[in-house]
Amino acid sequence: MVDPDRADENEPDYRFTLANERTFLAWIRTAFGLLAGGVAIDQLIAPSPARTASSIACLSMATVLATGAYTRWRRVQRAMRQDKPLPKSALMPAIACASGMIAVIAMLSVALP
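Note that the structure is predicted; figures quoted are calculated from it, not measured. (Residues numbered from 1 in each chain as written. Predicted model: local features only at pLDDT ≥ 70, side-chain atom pairs only at ≥ 80, totals over all residues. Heavy atoms only, no water.)

> Could you give an account of the pattern of salt bridges, with specific residues and numbers?
One pass over the full model with this rule turns up three salt bridges. Between glutamate 11 and arginine 81 there is a salt bridge, with its nearest N and O atoms 2.9 Å apart. One end of the pair, glutamate 11, is in the segment before α1 (14-44); the other, arginine 81, is in helix α2 (residues 49-81), with 70 residues separating them in the sequence. Here arginine 81 falls in the buried class, since its relative accessible area comes to 17%. (Salt bridge = Lys/Arg side-chain N within 4 Å of Asp/Glu carboxyl O. Helix = DSSP H or I, 4+ residues; strand = E, 2+ residues; numbered from the N terminus. Buried < 20%, exposed > 50% of the residue type's maximum accessible area, 1.4 Å probe, protein only.)

> Could you give an account of the packing of α1 against α2, with specific residues and numbers?
Two numbers describe how α1 lies on α2: the axes approach to 7 Å, and their chain directions differ by 170°. When the interaxial angle is binned, α1 and α2 end up roughly antiparallel. A breakdown of the residues in the contact of α1 with α2 according to their chemical character gives 20 nonpolar, seven polar and three charged. (Axes fitted to C-alpha atoms, helices over the stretch in contact; angles between N-to-C directions. Parallel < 35°, antiparallel > 145°, perpendicular 65-115°, else oblique. Nonpolar A, V, L, I, M, F, W, Y, C, P; charged D, E, K, R; others polar.)

> A description of the packing of aromatic side chains should follow, citing residues and the corresponding values.
One pass over the structure, following the stated rule, counts two aromatic pairs. Arranged with centres 5.9 Å apart and planes meeting at 35°, the rings of tyrosine 70 and tryptophan 73 form a pair that is tilted. Of this pair, tyrosine 70 and tryptophan 73 both sit in helix α2, separated by three residues, roughly a single helical turn. Under the relative-accessibility criterion, tyrosine 70 is labelled partly exposed at 44%. Ring pairs connect the aromatic residues Phe24, Tyr70 and Trp73, which therefore count as one cluster. (Phe/Tyr/Trp six-rings, centres within 6.5 Å; stacked < 30°, edge-to-face > 60°.)

Here is the structure:
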């Protein structure tokens, strides 16, 4: 049955819908990993500015990633229903830059006593 508010939308092939959901869940798993990493850094490493920066960076990135994953899932689902091109995402460059920052912080904390 077609929702009258969505009369201009088509039901996409269920395989594409499920693939979109799997992608969303992969991003959420990554966010949970970052969340766990941020908590682990805070609890297991001796107090230092690098520890605080790394922990906050992981927790912030987890928040951005979880929010962005949901937004991305909704935008892709809407595009599929309206037979439009898939939208571009800023998540990939953002996660790459943030991961690089965390790696630099970790490297400096190991290299500098």
